Structures are given as C-alpha cells and as structure tokens.
Amino acid sequence: MQSFPAVDPIPLPAPIWLLKLLHIVTLALHFVAVEMLLGGLLLAVLLSLFRGSPASMVTARALARRLTVVMTFVINLAVPPLLFSQVLYGRALYTSSVLMGVYWISIILILMLVYRLLYRFSRQLELGRKAWPAGLSAWLLAGFIARLLSTNMTLMLRPEVWRQMYSASAMGAYLPTGDPTLTPRWLLMLAGGLFIGGLWLVYLAGRSTFTAEEKIFVAGFGGKVAALFGLDYQAAGVWAASVQPEIVKAGLAGDGVYSFYKFWGLAGYGWIALVVLAVLTAAVAGFGKLSSGVLGFFSWAGVLLAVLIEIMFTVYRDGVRDLTLLSKGYDVWDRAVATNWGVVGLFLVLFVGGLGVVGWLISVVARARKVMEGAA
Ligand code: HEM
C-alpha cells in the first residue's frame with residue numbers, strides 16, 4: 001500500500017539540483033552553529049564547575065558571552081534548510097512531524113528556555129556566582145532538542161510504520177525509539193559538539209583579546225579536547241554509517257540506478273580524512289606551545305576544517321536520506337519542475353546580498369574597540 005501522501009500538483013519552482021545544493025550549504029552552516037552551541041556550552045559548564053585556574057574562568061566567560069550570539073546563528077541558519085527540506089521531502093517530513101507533533105512544536109518553547117538559561121549562565125559567570133546549574137540545564141535542553149530533531153529525521157525515513165502509528169493514535173504524541181540508526185546519529189552530533197567546541201577554542205586562542213598566559217591555556221585546553229573528541233567523533237561517524245541498511249550502503253558505493261550517489265559516498269571518506277587532519281591540527285595547537293603568529297595560522301586552519309567537515313558530513317547524510325527513501329519508493333529526483341528563472345535570479349541576488357550584509361556586520365564587530373576577555 002502506498003504510504004507517502006500524494007505529490008503536490010504544483011511543480012517545483014527551481015531545479016532539484018539547485019534546491020539540494022542550497023539545502024546542503026545552509027544545513028552544513030546550521031550544523032557548524034549547532035556543534036558550537038552543544039560543545040562550547042558543555043566546555044564552559046565544565047570549566048566553570050571545576051574552576052581550575054583564573055585562565056579557565058576567563059575561558060568559560062569568553063565562551064558564555066558568545067553562546068547567546070551563536071544561538072542566533074543556530075536558529076537563523078536552521079530556517080533555510082527547514083524550508084528546502086520541506087520542499088524536497090515534504091511528503092515524508094510533514095508526515096513524521098505530524099506523528100510527533102506535540103514534541104515537534106514544543107521545540108519552540110524549549111528553545112526559548114535554552115535562550116533564557118544561556119543569558120543567565122553568562123550573567124552569573126560575569127558576577128562571579130555559581131553559574132553551572134543554569135549552563136548545564138541549557139545544555140541538557142539543547143541536547144533534548146537535538147534528540148527530537150534526530151527522531152524526526154529518522155522517523156521521516158520509515159513510511160512502513162506511519163500508518164499503524166496514526167491508526168493507533170492521532171494525538172501526535174509519539175516519540176519513537178525503535179530505529180537502530182537514531183541513537184548513533186544523535187550521539188554523533190553530541191560527539192561532534194565537543195570536537196568543534198575544541199576547535200572553536202583553538203580559534204579563540206588566536207585572538208588578541210586574551211593575554212599571553214590565557215592564550216596558552218585556551219589553545220592547550222581546546223586543542224586537547226578537539227584532538228580527543230575528534231577521535232570520538234570519528235568512531236561515532238563510522239558507527240552511524242555502519243548501522244545504515246545494506247541497500248543504502250550499496251547505493252553510496254555507486255550501485256543502483258543512481259550511480260552518481262557514489263560521490264555522496266566519497267564525501268564520507270572526505271569526512272574521515274578531514275577529521276584526521278583536524279585532529280592533527282588540534283594536537284599540534286594543544287601540545288605544541290606555539291608562538292602567537294603560528295597559533296594564528298592554526299586557529300584559522302581549524303575554522304576552515306570545521307566548515308569543510310560539516311559540508312562533507314551533510315552531503316553523506318543527504319545520500320543516506322535519499323537512498324533510504326528511494327528504497328521505499330520515494331524518489332526525490334522524480335518531481336515536475338517549472339523553473340521560474342526570474343524568481344530564482346532574485347532569490348540568488350538577495351542571498352548573496354544577505355551574505356554580504358553578514359560579512360559587513362562581522363567586519364564591524366572585528367573593527368570594534370577590543371576589550372580584554374579577563375576585564376571585569
Ligand atoms: C538548540 C537548538 C537546536 C539544536 C541543538 C539542533 C540540532 C539539530 C540536529 C542534531 C540535527 C540533525 C538531526 C539528525 O539528522 O539526526 C538538526 C537538523 C535540523 N535542524 Fe536543528 N537544531 C536546533 C535548532 C533548530 C531550529 C530552531 C530549527 C528550525 C527553525 C532547526 C531545524 C533543523 C532542520 C530543518 C534540520 C534537518 C534538516 C534536514 O535534514 O533537511 N533546528 N538540528
């Protein structure tokens with residue numbers, strides 16, 4: 001029996017490859033921000049809990065101050081991929097979202113709570129008060145949001161269970177746990193948080209707002225965390241890939257009608273190679289006691305690697321979704337397209353203009369008067 005709802009008769013307004021490209025680029029940026037939030041927050045909580053040295057408190061405050069800004073990027077960079085995935089996979093994604101609707105809609109409320117707690121965490125740190133309970137609560141809630149997203153992204157791939165679930169209850173209160181790919185996928189994102197969080201610290205160590213002594217601490221701590229959790233992230237990635245159905249693995253190797261999915265599979269190898277490179281970069285920054293100039297190079301190398309790693313990850317993940325859905329009768333490439341080039345052109349101009357404005361904003365922040373991180 002056909003499980004997917006009927007296709008929308010209105011054709012897509014842009015080529016599928018373009019929608020997928022924009023989806024992957026914007027989703028990879030969402031993932032960079034999500035990992036900074038999940039990892040940076042946990043590291044700041046741990047630093048503030050153990051209060052090892054004055055430099056560790058300065059580092060916790062430096063992270064906490066930035067997390068509220070990172071949160072704006074998490075949200076703003078989430079909206080475009082949400083729209084693109086609804087256009088491309090709406091029949092699957094809307095169905096799973098309805099089945100877990102109560103939890104899905106609750107993300108908005110949890111998100112507001114996380115935001116509030118992030119401000120509280122940062123404020124308490126600035127005042128020198130006990131801050132970790134607020135920070136830890138924010139991290140647990142953010143981790144729960146991640147779990148809800150992983151749940152929906154895997155439930156949308158299981159049309160075989162939808163009908164029976166909906167027949168049993170139309171309340172929209174399901175939170176399924178039975179998919180063997182769900183937990184590896186979620187843990188992969190959590191491990192990635194500490195890895196990217198460590199690289200973020202290596203980047204921060206290159207900034208002139210830290211004293212020489214603080215820089216040594218930030219680079220040493222961040223580099224070691226990134227090197228250690230990079231290996232963890234690698235292991236979680238291999239685990240998440242290994243639990244995918246055989247047909248999906250074969251598709252990623254280039255078998256089947258759409259043999260071009262081997263490029264999606266190659267992105268998996270690209271991801272492994274880049275994570276190894278990032279681990280080495282982080283290890284040098286973490287153990288090497290580098291001079292300021294050399295550290296500057298490593299801090300930017302870490303940023304570049306983090307973005308490339310998330311792009312590779314997103315491409316591979318995209319292949320897993322397309323091939324899983326294809327094996328169940330949903331072909332993302334099989335849609336009527338009536339490209340409206342005027343609208344596409346206008347969109348691209350506004351998109352590039354928007355990126356230009358963000359670049360300008362970043363340059364204004366970069367030129368602003370520098371305040372030392374340790375200043376009260
Ligand atoms: C604290 C906030 C957030 C966290 C921790 C978070 C985390 C995540 C994670 C872990 C995934 C990957 C799930 C998987 O594939 O297993 C994901 C994907 C996604 N997130 Fe977020 N997210 C957050 C906020 C948001 C918000 C506010 C939105 C919507 C406006 C959003 C939209 C999406 C979408 C659409 C995807 C998947 C897109 C796709 O696969 O096509 N996220 N997020």
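Above this note sits the structure.
Here the structure is a predicted model, which means the values were calculated and not measured.

Caption draft 1: Structural detail: the coordination of the iron atom of the ligand. No other protein atom reaches the iron atom of the ligand as a donor apart from His30 (NE2), found 2.2 Å away. Tracing the chain through its elements places His30 in helix α1 (residues 16–50).

Caption draft 2: Spatial organisation of the nonpolar core. Residues Phe121, Phe195 and Tyr233 are the most contacted members of the largest nonpolar core, which totals 108 residues. Non-local contacts of Phe195, meaning those with residues more than four positions away in its chain, are made with Ala226, Phe229, Gly230, Tyr233, Val275, Ala278 and Ile309.

Caption draft 3: Summary view of the packing of aromatic side chains. Going through the model one piece at a time under the given rule, you end up with 17 aromatic pairs. With centroids separated by 5.8 Å and ring planes inclined at 45 degrees, the aromatic side chains of Phe260 and Trp264 adopt a geometry described as tilted. Judged by relative accessible area, Trp264 falls into the buried class, the value being 14%. Taken together, the ring pairs connect Tyr258, Phe260, Tyr261, Trp264 and Trp333 into an aromatic cluster. The ring of Trp186 has Arg147 sitting right over it, with the charged end atom 4.9 Å from the ring centre. Lying across the ring of Tyr89, Arg321 places its NZ or CZ 4.3 Å from the centre.

Caption draft 4: Examining the site of the ligand more closely. Around the ligand, the surrounding shell holds 22 residues, and the nearest of these are His23, His30, Ser150, Arg317 and Arg321. The separation between an oxygen atom of the ligand and a polar side-chain atom of Arg185 is 3.0 Å. Measuring from an oxygen atom of the ligand, one finds a side-chain N or O atom of Arg321 at 2.9 Å. At the level of secondary structure, the elements contributing two or more residues to the shell around the ligand comprise α1, α3 (79–99), α5 (132–155), α7 (182–205) and α11 (292–327). For the shell around the ligand, the per-class residue count stands at 15 nonpolar, 4 polar and 3 charged.

Caption draft 5: How the structure looks around the side chain of Arg185. Turning to its location among the elements, Arg185 is positioned in helix α7. Of the side chains with opposite charge, Asp179 lies nearest to the buried Arg185, which makes no salt bridge, at 7.1 Å. Here Arg185 is in contact with Ser150, Met153, Thr154, Leu157, Ala240 and Arg317, once residues within four sequence places are set aside.

Rules used in this analysis
Residues numbered from 1 in each chain as written. Predicted model: local features only at pLDDT ≥ 70, side-chain atom pairs only at ≥ 80, totals over all residues. Heavy atoms only, no water. Donors = N, O, S within 2.8 Å, 3.2 Å for Na, K, Ca; no water. Helix = DSSP H or I, 4+ residues; strand = E, 2+ residues; numbered from the N terminus. Core = buried A, V, L, I, M, F, W, Y, C linked by side-chain atoms within 4.5 Å. Buried < 20%, exposed > 50% of the residue type's maximum accessible area, 1.4 Å probe, protein only. Contact = heavy atoms within 4.5 Å. Phe/Tyr/Trp six-rings, centres within 6.5 Å; stacked < 30°, edge-to-face > 60°. Lys NZ or Arg CZ within 6 Å of the ring centre and 35° of its normal. Near = heavy atom within 4 Å. Polar contact = N/O pair within 3.5 Å; in protein donor to acceptor, adjacent residues only side chain to side chain. Nonpolar A, V, L, I, M, F, W, Y, C, P; charged D, E, K, R; others polar. Lys, Arg positive; Asp, Glu negative; His and termini not counted. Salt bridge = Lys/Arg side-chain N within 4 Å of Asp/Glu carboxyl O.

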